[in-house]
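What follows is each chain in one-letter form.
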Amino acid sequence: LVVAFTVADALFLLTRRIKHYLGIPSVIVAAVVLFHVVRACLGLDLAEARHLGLLLSPLQLSDWSHVGRFPYAEVRWDLVLFHAKDFVAMTIVVAISTLLNTTSLEVATEYEADADQELRALGTGNLLAGLAGGLVGNTSFNRSLLNIQAGARSPWAARTAALLVAATMLFAPGSVGLLPKPV
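Computed from a predicted model, the values in this text were never measured in an experiment.

(A) Here's a closer look at the pattern of salt bridges. Across all of its chains, the model carries one salt bridge by this definition. Among the ionic pairs, Arg76 bridges to Asp78, the shortest N-O distance being 2.9 Å. We classify Asp78 as partly exposed; its relative accessible area is 44%.

Listed below in structure tokens is the structure:
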């Protein structure tokens, strides 16, 4: 808990004083290192920390369920059709919240955004996420504003994050098991 408050304070102070795009990732990496230093000082090995619920579970790509490995024969299509109205409602809610978030970001940054482009990108992203076995996504006002305030104003901030997540998933899935669970 002390580490969590230290990280929160560091992020709060850093985003107010330093406008560099590597500031926030540096604090996060430092927090993970600090967690493991404290863990080692307390005499906990990785297995024990994982048993205590302090670490995330490593990714198991063999458990990944995507469109290519989905058991379609087991699907209750009558239930899927019954819930079609829910899918439509979810789509409408996501579209409206995207437009609200986009407008809020325009007001907060005094920069005019392209709402059509935002909706197209979100729709494409959600289609690809669905095919890959992911969940519905949406724009995040808080994370977007935090990126902007930290100095990451180009689309490369999101692209870099996506590439890092994909590279971790494909080339080092076990490294996720070294990350502490969020508080």
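(B) Examining the confidence of the model for the protein chain more closely. Overall, the prediction assigns the protein chain a mean pLDDT of 88, with 99% of residues at 70 or greater. Taking the mean pLDDT of every element in the protein chain, the minimum, 80, falls on helix α1 (residues 2-17) and the maximum, 95, on helix α4 (residues 77-82).

(C) Fine view of the layout of surface pockets. Approximately 800 Å³ is the volume attributed to the second largest pocket. Lining the second largest pocket are 25 residues, with Phe87, Met90, Asn126, Gly130 and Val136 sitting closest to its centre. Mapped onto the lining of the second largest pocket, the elements with two or more residues apiece are α4, α5 (84-109) and α6 (115-131). Grouping the amino acids of the lining of the second largest pocket by side-chain chemistry returns 17 nonpolar, eight polar and no charged.

(D) Local environment of empty space enclosed by the protein. What the rule picks out here adds up to one cavity of 30 Å³ or more. If you add up the space inside the largest cavity, you get close to 30 Å³. Lining the largest cavity are Leu14, Thr15, Ile18, His20, Gly23, Ile24 and Ala150. Of the residues belonging to the lining of the largest cavity, the class tally is four nonpolar, three polar and no charged.

(E) Quick look at the packing of α5 against helix α7 (residues 141-149). Running from amino to carboxyl end, α5 crosses α7 at an angle of 30°, the nearest separation of the two axes being 10 Å. Of the possible angle classes, the one that applies to α5 and α7 is roughly parallel. Between α5 and α7 lies a crossing of right-handed hand. In this structure, α5 uses Asn101, Ser104, Leu105, Ala108 and Thr109 to contact α7, whose residues at the interface are Phe141, Ser144, Leu145 and Ile148. In terms of residue class, the contact of α5 with α7 is built from five nonpolar, four polar and no charged.

(F) Inspection of α5 at higher detail. Helix length check: α5, at 26 residues, gives a terminal C-alpha distance of 37 Å against a target of 38 Å (1.5 Å per residue), a fit within 8%. When we look at burial in α5, the residues that qualify are Val94, Ser97, Thr98, Asn101, Thr102 and Leu105. Looking at the packing, one finds that the buried side of α5 touches α6 and α7.

(G) Layout of the packing of α1 against helix α2 (residues 23-41). One can describe the packing of α1 onto α2 by two numbers: an axis separation of 10 Å at closest approach and a directional angle of 165°. Here α2 runs roughly antiparallel to α1, going by the angle between their axes. For α1 against α2, the interelement crossing comes out right-handed. Across the interface between the two elements, Val3, Val7, Ala10, Leu11, Leu14 and Thr15 from α1 touch Gly23, Ile24, Val27, Ala31 and Leu34 from α2. Residues of the contact of α1 with α2, tallied by class, amount to nine nonpolar, two polar and no charged.

Definitions and limits used
Residues numbered from 1 in each chain as written. Predicted model: local features only at pLDDT ≥ 70, side-chain atom pairs only at ≥ 80, totals over all residues. Heavy atoms only, no water. Salt bridge = Lys/Arg side-chain N within 4 Å of Asp/Glu carboxyl O. Buried < 20%, exposed > 50% of the residue type's maximum accessible area, 1.4 Å probe, protein only. pLDDT = per-residue confidence, 0-100. Helix = DSSP H or I, 4+ residues; strand = E, 2+ residues; numbered from the N terminus. 1 Å grid on protein atoms, 1.4 Å probe; cavity = no way out; pocket = protein on both sides within 12 Å on 5 of 7 lines; lining within 4 Å. Points joined across faces, edges and corners; volume = space filled by probe spheres on them. Nonpolar A, V, L, I, M, F, W, Y, C, P; charged D, E, K, R; others polar. Axes fitted to C-alpha atoms, helices over the stretch in contact; angles between N-to-C directions. Parallel < 35°, antiparallel > 145°, perpendicular 65-115°, else oblique. Left-handed = near helix turned anticlockwise from the far one by under 90°. Contact = heavy atoms within 4.5 Å. Expected span 1.5 Å × (residues − 1).

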